[in-house]
Amino acid sequence: MTDTSFTPTTQPGDWASDQEVRWCPGCGDYSILTALRMLMPSLGTEPRNTVFVSGIGCAARFPYYMNTYGVHGIHGRAPAIATGLAMARPDLDVWVIGGDGDMLSIGGNHLIHALRRNVKIKLLLFNNQIYGLTKGQFSPTSEIGKVTKSSPMGSLDAPFNPLAVALGAEASFVARTHDMDRQHMMDTFQRAHAHDGAAFVEVFQNCNVFNDGAFEGVTKKQNRDANLIPLRDGEPIRFGADGEFGVIDEAGCARVVHTADVGDDELLVHDESKHDPSTAFMLARLARGPFEPTPIGVFRAVRRSEYAMATTRQLAAAQQKQGAADIGQMLRSRGTWFV
Amino acid sequence: MTDTASRELPLQEIDEVIIRFAGDSGDGMQLTGDQFTSISAALGNDLSTLPEFPAEIRAPQGTLAGVSAFQVRISDFDITTPGDAPTVLVAMNPAALKAQLHNLAQGGALIVNTDAFNERNLEKAGYATNPLDDGTLDDYRTYPVPMSQITRDAVAQHGVKPRDAERSKNFFALGLISWMYTRPVEPTLEFINTKFRGRTQVIDANTSAFKAGYNFGETAEIFEAHYEVKPAPLAPGEYTNVNGNTALAWGCIVAGQLARLPVFLGSYPITPASDILHEMSLKKNFGVRTFQAEDEIAAAASAVGAAFGGALAFTSTSGPGLALKGETLSLAVSLELPLVVLDIQRGGPSTGLPTKPEQADLMMAMYGRHSESPLPVVAPRSPADCFDVAIEACRIALKYRTPVIVLSDGYLANSSEPWLLPDVNSLPDIGVEFATGFNGTNEDGDGIFLPYLRDPETLARPWAIPGTPDLMHRVGGIEKEDGTGNISYEPENHQLMVNLRQAKVDGVDVPDVEVAGDVDADLAVLGWGSTWGAIDAAAGRLREAGFEVAHVHLRHLHPLPANLGDVLRRYRAVVCPEMNKGQLCDIVRAKYLIDVSHIGKIDGVPFTTGEVTDAVRKRLEELSTV
Ligand SMILES: Cc1ncc(C[n+]2csc(CCOP(=O)(O)OP(=O)(O)O)c2C)c(N)n1
Ligand code: SF4
Ligand SMILES: [Mg+2]
């Protein structure tokens, strides 16, 4: 996954802050933290050039645990804070961490706008399908009928599909991974980091206190073969212990089939760089929830003008055209007269 | 122009004139007013302008809702307001007459485009009978001029389509007024050439219309005189004519240069603040990054992010937007990062009067955030003062690492005045140092970085920006331990941090307030922000009438100048005109237990000098009877 000629200058420990991690024991957030700390040395960057920005929630405590620069912001606004930071400092690596409530409820607006602008920030959405920090209300990704303290008779709200939202917002990089597979997380985060633009990664994250086992149907070891569909660029989409299942495009809908029934040639070949997002969208919506075959990996990775650099280019063009900054000239630009 | 043919009309010297151009939004009244202002500025008059736009972009033609007006006052003496009542009203159609006539001074001159007074237009304006001949205008000196017809005739030679021909009639009006007030014609001819460069037919048409207007004054035997307003004794130097929003934008950009920091503006369009976003977006060659965010929350949040990254960050808005930014500003208070918020106040509540001024966001600026969330507040007093106040706000924000709110308003935003250009070299250096190394040691004696270790004098914390080796640290909205900045829920620590944040703002170095006018008067007028011009002019009038009046005007609203209480206590009475229900009065009463009486006005129109004069005079007369 990384350039073999590269010698890391840091160790995972260099990326850990001195703060005691305060998530509940057993929380999926721990394994995501470990994956990121382990990944960082291989990225060819330094803690001092890295910033983690977050909103509010359990997930959003993340920046405190990384020995980098960090902003623990306010609920939902992390993508906007990060956008300003990335614009002012295109030289930095900016990561945004948030929960499903943070990024899809109160901050949904900022998320979609950051994605459509394609500003170079890496957004990791820790989806536990619940409001963890406020002790267990249903979230915008909770399934209909979820019984929580605020929905004792079952929630009535239809959930968002985070990947479909991101694709609808014209995200140029969209991926999914889960907290039970460190290597898959590291590979996915590495790809997000390498992407020149906004990168959106949904991480299935277990909240063992308020929504335990929400993703077990697909992430538990014994369920993975049958229910996780690893997407590999340029390869036919197949899964199962012996590759006995596959995915086909049936009149614009993705459908799971027995490979033997359709033949290898009928399987959909994954093309993450396909500019039209329809196939990625269809794959994103393949599973109705984390209880049936669910694709993971990179759904979409396309090139699109990066926002912060485009801003910088405009500044350079303006200098060319209008000349260097000259206060006297500006103050006289509307005409002057002498008394 | 045609000197030889001109009738010998008397040339009368007058000390000032207040002209209001009024027409349909499509009639080009702003352009006309702007150009008249420019010529007068070049002649050396003191001046002050007040544009008035309809809230709707394309209100139906000929209706009251579509009337656009521009008031300009020129004088041969120092003035601080655009004047109370126009002495000359140019009305391009019945709607303009109907909407504006009540403003015209008794006996004022009224120049009407009679061609527009047809049945359809009269009906649209709601006139049952034609005001030109039903006695409505008996109290004024009315000059009926068939502007549309003469304009059409004048431009016919250029082959302009009849429908387009009339569009030059604003230049006819400008020509006529230029003649009446003996303005030179060359600057306007030049202006037409530059403004419409490349469109020969338009240049020809506007030039002909302008000349036709000028000649009409000279030859039509309806005017009894023309007038001259001599230059005002302004301080010598180079001047430009600037409105408040432009001055604010320039101040922000210049502050970036003075601080040697890149400028970032996060903003969401809103009247009357959008022009700041527009102006700053034009100055990308200064390295200014402007970001049109998805909403005001994102605008403020992006500015916080940019400030964390080491930019001089701004966010501009009006009242509804400031309300949305509240939570983000309290984050900035907690993070203790420099950030300047420009609030161009408008009438409310809710959408209210988007194009009209009000000063009713003062309490929101002071207290409109959850919990104890103090931040400095400053307010400019005139269009040109916006420049200095922008720099002052940045100075405070940078020195104390705090968000600062600037309270301008819709009046200052669009009103303009001559501005003696500052000597750029004499502007203050407001630069601050970023943290570059450790500022503490741990138990083992190793160097560590304490992001909340304060400067003992200013109580500002270090500003360590990403990219700096060794100073990696996390900031957040959760209460921080004094010094380390680590999360802390300790009761004593929270009390300490609340006190420190307040002490830091209380300790901002605000200059003492100075009393203008009669220091030893019995009565002081207290003001803040854009009421300065009207109060200053009212004090002048009262002085002429034999009264003594002191004027105390605040630029710094939080913290207040240290001497304010002592100064105000010297007076038997303190009155405070504000475009709100008494917000500064309440603050001053609460803080100093001084009984300030409120002079209120919240009708979307700035105080006139007359209104302030009358209200203050009443109080003065009460004082003299006790
Ligand atoms: C403005 C505001 N509203 C509400 C809250 C309360 N709040 C804190 S976190 C949270 C939801 C957290 O859920 P999620 O984003 O899914 O994160 P998780 O805790 O599950 O990781 C809420 C509602 C807040 N902090 N700020
Ligand atoms: S409440 Fe849930 S999400 Fe939050 S720390 Fe505990 S286990 Fe993790
Ligand atoms: Mg959650």
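Every chain's residues receive numbers from 1 upward, in the order its sequence appears when written. Whichever chain is written first becomes A and whichever ligand is written first becomes 1, with later ones labelled in order. Whole-chain, interface and lining totals are the exception, using all residues; otherwise, since this is a predicted model, local features are given only for residues with pLDDT of at least 70 and side-chain atom pairs are given and counted only at 80 or more. To obtain the side-chain values, all non-hydrogen atoms of the structure were included, while hydrogens and water were left out.

Enquirer: Help me understand the site of ligand 2 in this model?
Expert: Within the structure, ligand 2 sits among Trp23(A), Cys24(A), Cys27(A), Cys58(A), Asn128(A), Gln205(A), Cys207(A), Asn208(A), Val209(A) and Phe210(A). Residue classes follow a fixed rule: Ala, Val, Leu, Ile, Met, Phe, Trp, Tyr, Cys and Pro count as nonpolar, while Asp, Glu, Lys and Arg count as charged, and any other residue, Gly among them, counts as polar. Along the lines of polarity and charge, the residues of the shell around ligand 2 split into seven nonpolar, three polar and no charged. Note on definitions. A residue lies near a molecule or strand when any single heavy atom of the residue is within 4 Å of it.

Enquirer: Which parts of the structure should I look at to understand the layout of surface pockets?
Expert: Any space left empty among the atoms is revealed by the rolling of a water-sized probe across them. All names here are of chain B. In this structure, the second largest pocket occupies an estimated 1,000 Å³ of space. Sorting the residues of the lining of the second largest pocket by element identifies helix H3 (119-125), helix H5 (162-165), helix H6 (169-180) and helix H8 (200-219) as the ones contributing at least two each. By definition, any uninterrupted DSSP run of H or I lasting at least four residues is a helix, any uninterrupted run of E lasting at least two residues is a strand, and each is numbered from the N terminus. Among the elements that line the lining of the second largest pocket, the one with the most residues is H8, at four residues. Using a 1 Å grid laid over the protein atoms alone, points where a 1.4 Å probe fits but cannot get out form a cavity; open sets with protein on both sides within 12 Å along at least 5 of 7 lines form a pocket; any residue with an atom within 4 Å of a point counts as lining. Grid points are joined across faces, edges and corners, and a volume is the space filled by probe spheres set on the points.

Enquirer: Got a minute to help me understand the domain arrangement of chain B in this structure?
Expert: Residues and elements named next belong to chain B. Splitting chain B by domain gives domain 1 (11-228), domain 2 (240-426), domain 3 (433-509) and domain 4 (515-625). Residue ranges for the domains originate in an automatic or database domain assignment. Computed over C-alpha atoms, the centres of domain 1 and domain 2 are 35 Å apart. Looking only at domain 1, the three residues that lose the most surface to domain 2 are Leu47, Thr49 and Phe53, adding up to 41% of its buried area. For this analysis, a polar contact is any N or O atom pair within 3.5 Å, provided that within protein one partner can donate a hydrogen and the other can accept it, and provided that sequence-adjacent residues contribute only side-chain to side-chain pairs. Run the count over domain 1 and domain 2 and you get two residue pairs in polar contact (both at pLDDT 80 or more). The leading source of residues in the side of domain 1 that touches domain 2 is strand S3 (residues 46-52), at seven residues. Of the residues that constitute the side of domain 1 that touches domain 2, the class distribution is seven nonpolar, five polar and two charged. In short, buried area is how much 1.4 Å probe accessible area vanishes from two parts on joining, totalled over both.

Enquirer: Just to check I follow, could you spell out the sheet that holds strand S12 (residues 312-317) of chain B for this structure?
Expert: Paired through their backbone hydrogen bonds, the strands of a sheet run either parallel or antiparallel. All names here are of chain B. Judged by pairing direction, the sheet is mixed, and its seven strands sit side by side in the order S11-S10-S12-S13-S15-S14-S23 without closing on themselves. Each end of this open sheet is capped by a strand with a single partner; those strands are strand S11 (289-292) and strand S23 (556-558). Here four bridges tie strand S10 (residues 263-267) to S11, and the two strands are oriented parallel to one another. What sits directly across from leucine 265, in S11, is threonine 290. Most of the contacts of helix H10 (residues 274-281) go to S10, to which it runs at about 145 degrees, and overall it touches S10, S11, S12 and strand S13 (339-345). Between any two strands, at least two bridges found by DSSP are needed for them to pair. By the convention used here, residues are in contact when the closest approach between their heavy atoms is within 4.5 Å. Angles shown run from 0 to 180 degrees and are taken between the N-to-C directions of axes, each axis being a line fitted to C-alpha atoms and, for helices, limited to the stretch in contact.

Enquirer: Help me out: how do you make sense of the confidence of the model for chain B in this one?
Expert: Atomic detail in the predicted coordinates should be set aside for any region of low pLDDT. All names here are of chain B. On a scale of 0 to 100, pLDDT captures the predictor's confidence in every residue. For chain B, the mean per-residue pLDDT works out to 95, and 99% of the residues sit at or above 70. In the model, residues 1-5 has pLDDT below 50 throughout and makes seven contacts with residues more than four positions away in sequence or in other chains. Across the interfaces of the predicted complex, the ipTM metric reaches 0.97, alongside a pTM of 0.95.

Enquirer: I tried to follow the environment of Ser150(A) on my own but got confused; where do I start?
Expert: Residues and elements named next belong to chain A. Positionally, serine 150 belongs in the loop between strand S4 (122-127) and helix H5 (162-168). Partly exposed residues are those whose accessible area sits between 20% and 50% of the maximum for their type, while under 20% is buried and over 50% is exposed, using a 1.4 Å probe and protein chains only. By relative accessible area, serine 150 is classed as partly exposed at 42%. Taking C-alpha positions, serine 150 is 42 Å from leucine 268, a pair spaced 118 residues apart along the chain. Not counting residues within four places of it along the chain, the set of residues in contact with serine 150 comprises Gln137 and Phe138.

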